Amino acid sequence: MADNQNTILQVENLHTHFFTESGVIRALRGVDFSVERGKVLGIVGESGCGKSVTAQCIMNMLPGNGRAVEGKISYYPRESIGSQTEKVDITGLPPRGKAMRAIRGNEIAMIFQEPMTSLDPVYTVGSQLMEAITLHQNVTKQQGKEIAVDALAKVNLPEPARIFDAYPHQLSGGQRQRVMIAIALSCNPTLLIADEPTTALDVTTQAQILDLMRALQEETHMSIIFITHDLGVVAEMCDDVAVMYLGKVVEQTTVDAAFHSPQHPYTRALLRSIPRLTDENQTRLDVIKGRVPDPSVVPPGCAFHPRCPEVIPGLCDVHTPEVIKLGGGQEVRCLLYDDKLMAQSPTRTALAESR
Ligand SMILES: Nc1ncnc2c1ncn2[C@@H]1O[C@H](COP(=O)(O)OP(=O)(O)OP(=O)(O)O)[C@@H](O)[C@H]1O
Ligand SMILES: [Mg+2]
């Protein structure tokens, strides 16, 4: 989507590699997407497509063997609305430098899939929440405690004063995830990244957490990047969606368009693989054929071509698709929409012709 006044984050041509003993893993191979101010962007795609690595790059928290080798992540700080403040290139900032620390946890906050790994088991919930609050706000201990108990109440935790004194292992999974949300929101972020925040929870608790996040988003108008492999969650939570496949975004569009007129064959295949309540015949779900290839052996041309039901031999296995803008903000990386190449292709299918 275009770089406009409402953009809060823009990721352009991001390539991220991991340097391992068995070679270089090209986890991101040119990721492009943008997040609008006050909107929720869903990032979907099968396991291993690079969703979490993308989040790590935005937080500038890649593991030691990872490096963003090309591309840029532009963040527009909250002060930049209506003023001259420059955008910040996150990939250019030292990960532990002052500028990055001012953004991380202050403007951009993150919640993870498994809260037990991010909450410290030896400290009470209250002390961990207080640490986050006093880091960003100049308050006394007493004021900090009041803000912390309020924050726990805001995420609908019962008896927030008791939870304040509890240790993480004394809470349920859903309660721990609420605590994580309270910590992430304690700095009043402009952008929240939620990486599969509900997959470890049962469906009822998942629904409650999603409701809570949506309500908090409407109240605070923060932007959210919501990472999930569940298109049902995208429909419920998001305004826009970026569909990733093997280290690239293959389609970015509004959630409405993604569900009603998906353009990339991969988006269409993902949609066919989710159950529908309206399916009276209870027909079997389509599974996308084949498996996601290992990122160390990316197929040539379009990386999805070996699994694509609409593949055109001689075209899709040869040419690498560029981003094509289809209007209405819909962007797709697929050769079926490349009029020039399609016109030259001797083997285009009747299906493609009918477009
Ligand atoms: N520290 C690392 N060292 C080497 N390879 C890594 C590292 N972290 C991630 N990768 C690789 O990068 C690719 C993308 O991983 P990522 O964790 O972003 O996937 P994902 O889309 O979040 O998947 P999931 O849905 O399973 O969480 C994978 O092939 C993964 O093996
Ligand atoms: Mg992940």
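Just above sits the structure.
Section: the overall build of the protein chain
The number of helices and strands found in the protein chain is 13 helices and 12 strands. Looking at the protein chain as a whole, 39% of its 355 residues qualify as buried. When contacts within the protein chain are restricted to residue pairs at least 6 apart in sequence, long-range pairs at least 24 apart make up 63% of them.

With respect to the site of ligand 1
If you check the shell around ligand 1, you find 17 residues, and the closest are Phe-18, Ala-27, Ser-47, Lys-51 and Ser-52. Residue assignment for the shell around ligand 1 shows that the elements contributing at least two residues are β1 (7–20), β2 (23–36) and α1 (51–59). It is α1 that contributes the most residues to the shell around ligand 1, three residues altogether. The class makeup of the residues in the shell around ligand 1 is seven nonpolar, nine polar and one charged.

Here we look at the pairing of β2
Where β1 lies against β2, 11 bridges are found, and the strand directions are antiparallel. Each bridged residue has a counterpart across the sheet, and for Thr-20 the counterpart in β2 is Gly-23. Connecting β1 to the antiparallel partner β2 that follows it, the hairpin turn spans two residues.

Quick notes on the sheet that holds β1
Across a sheet, strands are paired by hydrogen bonds formed along the backbone, either parallel or antiparallel in direction. In spatial order, the strands read β2-β1-β4-β5; together these four strands make up an open sheet with antiparallel pairing. The open sheet terminates on both sides in strands that have one partner only, identified here as β2 and β5 (88–89).

Section: α1
Most of α1 sits inside the fold, with seven of its nine residues counted as buried. Restricting attention to buried positions, one finds in α1 the residues Lys-51, Val-53, Thr-54, Gln-56, Cys-57, Ile-58 and Met-59. Asn-60 sits one or two positions beyond α1 and adopts a positive phi of about 55 degrees.

A look at the packing of helix α7 (residues 173–185) against helix α8 (residues 203–220)
In contact at an axis separation of 10 Å, α7 and α8 are set at 15 degrees when each is read in the N-to-C sense. On the basis of their axis angle, the class for α7 and α8 is roughly parallel. Of the two elements, α7 crosses α8, and the hand of that crossing is right-handed. Together, Gly-173, Gly-174, Gln-177, Ile-181 and Leu-185 of α7 and Thr-205, Gln-208, Ile-209, Leu-212, Met-213 and Leu-216 of α8 make up the contact between the two elements. Here the residues of the contact of α7 with α8 sort into six nonpolar, five polar and no charged.

Some details on the sheet that holds strand β3 (residues 40–44)
An order of β6-β7-β8-β3-β9-β10-β12-β11 is seen for the eight strands of this open sheet, with the pairing classed as mixed. Of all the strands in the sheet, just β6 (108–111) and β11 (324–325) have a single pairing partner and so form its edges. When β3 meets strand β9 (residues 240–245), the two strands line up parallel, connected through four bridges. Counted as the bridge partner of Gly-42 is Val-241 from β9.

A word on the pairing of strand β8 (residues 223–227)
When you tally the buried positions in β8, you get five out of five residues, the bulk of the element. Neither face of β8 is left uncovered, since the one carrying Ser-223, Ile-225 and Ile-227 and the one carrying Ile-224 and Phe-226 both have all their residues buried. By the bridge criterion, five bridges tie strand β7 (residues 191–195) to β8 in an arrangement that is parallel. Within the sheet, the bridge partner assigned to Asp-195 lies in β8 and is Ile-227. The parallel pair β7 and β8 is bridged by α8, and the resulting crossover is right-handed.

Conventions we followed
Residues numbered from 1 in each chain as written. Chains lettered and ligands numbered in written order. Predicted model: local features only at pLDDT ≥ 70, side-chain atom pairs only at ≥ 80, totals over all residues. Helix = DSSP H or I, 4+ residues; strand = E, 2+ residues; numbered from the N terminus. Buried ≥ 20, exposed ≤ 12 C-beta atoms within 10 Å, placed from the backbone. Contact = placed C-beta atoms within 7 Å. Near = placed C-beta within 6 Å. Nonpolar A, V, L, I, M, F, W, Y, C, P; charged D, E, K, R; others polar. Pairing = 2+ DSSP bridges. Axes fitted to C-alpha atoms, helices over the stretch in contact; angles between N-to-C directions. Parallel < 35°, antiparallel > 145°, perpendicular 65-115°, else oblique. Left-handed = near helix turned anticlockwise from the far one by under 90°. Right-handed = clockwise from strand over helix to strand, strands pointing away.

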